[in-house]
Structures are given as structure tokens and as C-alpha cells.
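# Understanding the architecture of this molecule
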Amino acid sequence: MTPMKTAIFLLCILAVGFLYRVNIKENAFNLKTLFFPAKISPEDFLYAGNGIMFVETTDRMDPPHLVLCSIESAARVYPDRPVAFFMKGLTDINSKEDEVKAQMSYPTLLPYDNIYFIPLRMNELFNNTPLMPWYQKVNPKAEIYWKHVISDACRLALIHKYGGLYLDTDIITFRPVPEKNFLASEESQMTGSAVLAFTPHHTIVWQFMEDFVNSYDGTIWGQQGPLLYNRILNKLYCKVPPFKGQEDIMCGTILFLNTERFFPVPGMQWKKFFEVCEKLPTFNNSYALHLFNYANTNDRKVMVPGSNTMVELLYKKHCPITYQAVLEKRPTYLKVD
């Protein structure tokens, strides 16, 4: 072998050895991340108020298909934003495997890669907020409206911590909301609590949390929800004026959206959703539609495929995967071990 060939051979050996060492290091890194995964945190994908957030404050893991329709509709309208479902009954997610298990449990939502399932841990959520002392001393068993009160508290803490858009799980989304900071009118001069949006650590959200505690009365329906928002608006921002048309208004520095944006069907008329509907209204002035499911507690009406009701037409158009599963009587929740 000539000196030149010997030198080339040695260089080839060195190159192979270098590539082998690099490959070993990469494999070792992959094994480390496989067997010692970092804890997955909401901050990994919720930041700068980019998220759409839903909350389940009970231990229920098999929500009604209306909840899944609500989440699916939001994921379709906001494909480039994370849609986070905070669930009290969800076990901690400490690895990619845990995350996959959570996703696999809801097959109708699985096609959407922007949906995240997050454990709702109230001790962590309320920490460093005015809500923490209240939460530590309140007795849920003595509360008349506990499910609603704790939900009111959670949405405020979530909006304070992460910012973004909060929606109740009986809201079907049509189109994106262009505003980042707003309250939404449920009726003239009265804000609703089913939807709100603010950037992280917004002043008014802190004021809401302070009033939540200072004016707390668990015996009054809406005291910690719509009535709270109106107290703060009227006290610190403006005397909320009536709408003259379909315009939005500024209340001091806070945008107050017209009733048409989320509540085009008034709460007193919620049964319209379950009436036969030949053609779905356009809702051209609306971003989403609140179905007022709390008013349906006693009647327990649900979307029935083939009923040709307004709610069926809404499902078909805005949450088609969930609709198809209900139509074919396929499970919308699977317990994954």
C-alpha cells in the first residue's frame, strides 16, 4: 500500500470512528429522554395569551358530547392556537406517554393536534392570587352553587396566569374573535361570564379576584360571576350604557362586546336550539353561540341525530367528527390504561 493510500485509509477510519461516537451520543440522549422525560407543563404551549381555555371542575372524565363539540369547534376555528382543556379528574401528565394516553381517551378530538389535556390542580392555580385564602377556608359541602362558584374562580385564575380566551363548555365557536381584551354582554348592560379574554396579569382580572373574595356570598346565584364583573365595571370603569344597535362599546379602557357576539339567542329562549330548524341562521354578527346548558338541567335535552333541530345543524357544521361519532353511536370517551 502506497503512503497516499495508507493516509486515505486512516482518514476513513477516523471519520467512521467520529460518526460512530456521534451516533452513540445521540442514541444515549434519545434513551435519556425516553426513560427520564421532562415534566410537561402548560407553560410549554400556553404563553403570551395565545390559548383557548376550557375547564372541567368535577372529577368527571366522560363529558357529554356537547363539551366535546365545543372543544372541537374551537380547535377548528383556531388551528394555530393551543386549545387547553383543564380537567380536575385527570391524572398528572409527566411524560409524552401520559399526554398520549389523555389524547387517546377522546377519539373525536384526536385528529386535532392543537388540543391539550391538562390536570386542574387548584392549589397550584390559586397560589399567589387573592383566591388562595378563600379556597383554603371555604367548605364545598356547605355551598349551594359550588360547581359554578369554583368554575368562576378557576376561569379568573387561568386568565390571570396564562391570558387568552376562556369559553364555557357549552359554547360552539363559528369564527375567530379579533379582540384580545374584552368582556361580553349577555343582555343589555349586563356582562356574561361564559366567555372572557385578557392578556396575562391584566389589572381588571386581579380586581375581579379581589372582589370575588371581598364580596363573596355563595348563596346568591352569579355573585362571583356576571354580578361580580358588573360591580367592577360600574365601580371602576364606567356606568355601563345600553347598546343602541349592534355596535361594541368601550367601558373606560375595557371593550364590552355586543350581545350579538356570543348570545344572539337569549337565555330565556334556549329551547329554540332543540326545535326543528329548516335552515341554520347565519349568525353573521356572532363569533360563537352559547347554548345555556345550565338552563337545561331539568329537561336534559341533547342533540339527537336526525331530529333536524338547530343544535343538530350546529353539530354538523361546526363539530363534524363529534357529530359523526354520535350518529354512529361510537364511544366519545375511552379509558386508556
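Use the structure listed above.
So, here's what we can say about the structure. (Residues numbered from 1 in each chain as written. Predicted model: local features only at pLDDT ≥ 70, side-chain atom pairs only at ≥ 80, totals over all residues. Heavy atoms only, no water.)

### Some words on the overall build of the protein
In terms of helices and strands, the protein carries 10 helices and 10 strands. Within the protein, counting contacts between residues at least 6 apart in sequence, those at least 24 apart form 75% of the total. Surface summary for the protein: the accessible area is close to 17700 Å², and the carbon and sulfur share equals 56%. (Helix = DSSP H or I, 4+ residues; strand = E, 2+ residues; numbered from the N terminus. Contact = heavy atoms within 4.5 Å. Areas by Shrake-Rupley, 256 points an atom, 1.4 Å probe, with all protein chains shown as cover.)

### Observations regarding the state of the cysteines
Scanning all chains against the criterion turns up two disulfides. Between the sulfur atoms of Cys-69 and its disulfide mate Cys-319 the distance is 2.1 Å. Given an S-S torsion of about -85 degrees, the disulfide between Cys-69 and Cys-319 has left-handed geometry. In this pair, Cys-69 sits in helix H2 (residues 65-77) while Cys-319 sits in the loop between helix H9 (310-318) and helix H10 (320-327), placing the two residues 250 residues apart along the sequence. Across the pair, Cys-319 and Cys-69 agree in class, each one buried. Once the disulfide-bonded cysteines of the protein are ranked by sequence position, their pairing pattern turns out to be 1-4, 2-3. (Disulfide = S-S within 2.5 Å. Buried < 20%, exposed > 50% of the residue type's maximum accessible area, 1.4 Å probe, protein only.)

### Concerning a nonpolar patch on the surface
On the surface, Val-100, Met-104, Leu-110, Leu-334 and Val-336 cluster together to form a nonpolar patch covering roughly 360 Å² of accessible area. Following the sequence through the fold, Met-104 ends up in helix H3 (residues 96-104). Look at Met-104 and you get partly exposed, because its relative accessible area is 39%. (Patch = residues over 30% accessible without salt bridge, like charges linked within 9 Å, V, L, I, M, F, W, Y side chains within 5 Å. Salt bridge = Lys/Arg side-chain N within 4 Å of Asp/Glu carboxyl O.)

### With respect to the environment of Asp-299
Along the chain, the position of Asp-299 falls in the loop between strand S10 (288-290) and H9. In this structure, the C-alpha to C-alpha distance between Asp-299 and Lys-271, residues 28 residues apart in sequence, is 9.6 Å. Those residues within four positions of Asp-299 in sequence are excluded, and the remaining contacts are Trp-270 and Lys-271.

### Quick word on the pattern of salt bridges
Summed over the entire model, instances satisfying the criterion amount to 13 salt bridges. The network of salt bridges with shared partners includes Asp-152, Arg-155 and Asp-168.

### Observations concerning the side chain of Ser-105
Position of Ser-105 relative to the elements: it lies in the loop between H3 and strand S3 (115-119). Residue contacts for Ser-105: discarding those within four places in its chain leaves Thr-332, Tyr-333, Leu-334 and Val-336.

### Here we look at the nonpolar core
If you look at the biggest cluster of nonpolar residues, it comprises 59 residues, and the most contacted ones within it are Phe-117, Phe-182, Val-195, Phe-262 and Phe-273. Here the element with the most residues in this core is H2; it accounts for eight residues. Ignoring anything within four residues of it in the chain, the contact list for Phe-182 reads Leu-165, Val-177, Val-195, Leu-196, Ala-197, Phe-198, Leu-255, Leu-257 and Phe-262. Formed by 46 residues, the second largest nonpolar core is a distinct cluster that contains Ala-84, Leu-158, Tyr-162 and Phe-212. (Core = buried A, V, L, I, M, F, W, Y, C linked by side-chain atoms within 4.5 Å.)

### Some words on the pairing of strand S1 (residues 52-56)
Residues in a regular strand project their side chains so that they alternate between the two faces of the sheet. Most of S1 sits inside the fold, with five of its five residues counted as buried. Taking every second residue as pointing to the same face, both faces of S1 are buried, with Ile-52, Phe-54 and Glu-56 on one and Met-53 and Val-55 on the other. The sheet contact formed by S1 and strand S2 (residues 83-87) spans five bridges and is parallel. Bridging across to S2, Glu-56 finds its partner in Met-87. (Pairing = 2+ DSSP bridges.)

### A word on the side chain of Ser-286
Looking at the element boundaries, Ser-286 is found in the loop between strand S9 (254-257) and S10. Within the structure, Ser-286 has its side chain in polar contact with the backbone oxygen of Glu-260 (distance 2.5 Å). When neighbours within four sequence positions are excluded, Ser-286 is seen to be in contact with Phe-174, Arg-175, Glu-260, Arg-261 and Pro-264. (Polar contact = N/O pair within 3.5 Å; in protein donor to acceptor, adjacent residues only side chain to side chain.)

### Examining the pairing of strand S4 (residues 164-167)
Bridge count for S1 against S4 is two bridges, and the pairing is parallel. Note on S4: the bridge partner recorded for Met-53 is Tyr-166. Sheet topology places S4 next to strand S7 (residues 190-198); four bridges connect them, and they run antiparallel. Its bridge partner being in S7, Leu-167 is matched across the sheet by Val-195.

### Concerning the packing of aromatic side chains
Taken as a whole, this structure holds 22 aromatic pairs when the rule is applied. Pairing Tyr-145 with Trp-221 gives two aromatic rings, centres 5.4 Å apart and planes at 80 degrees, and the pair type is edge-to-face. Taken together, the residues Tyr-145 in the loop between helix H5 (131-137) and helix H6 (146-162) and Trp-221 in the loop between helix H7 (203-214) and helix H8 (226-237) connect sequence positions 76 residues apart. Overall, Trp-221 belongs to the partly exposed group, its relative accessible area being 41%. Aromatic pair Phe-212 and Tyr-216: ring centres 5.9 Å apart, planes at 35 degrees, arrangement tilted. Looking at Phe-212, the relative accessible area reads 0%, which means it is buried. A relative accessible area of 22% means that Tyr-216 is categorised as partly exposed. An aromatic cluster is built from Phe-126, Trp-134, Tyr-135, Trp-146, Phe-212 and Tyr-216, whose rings are joined through pairwise contacts. (Phe/Tyr/Trp six-rings, centres within 6.5 Å; stacked < 30°, edge-to-face > 60°.)

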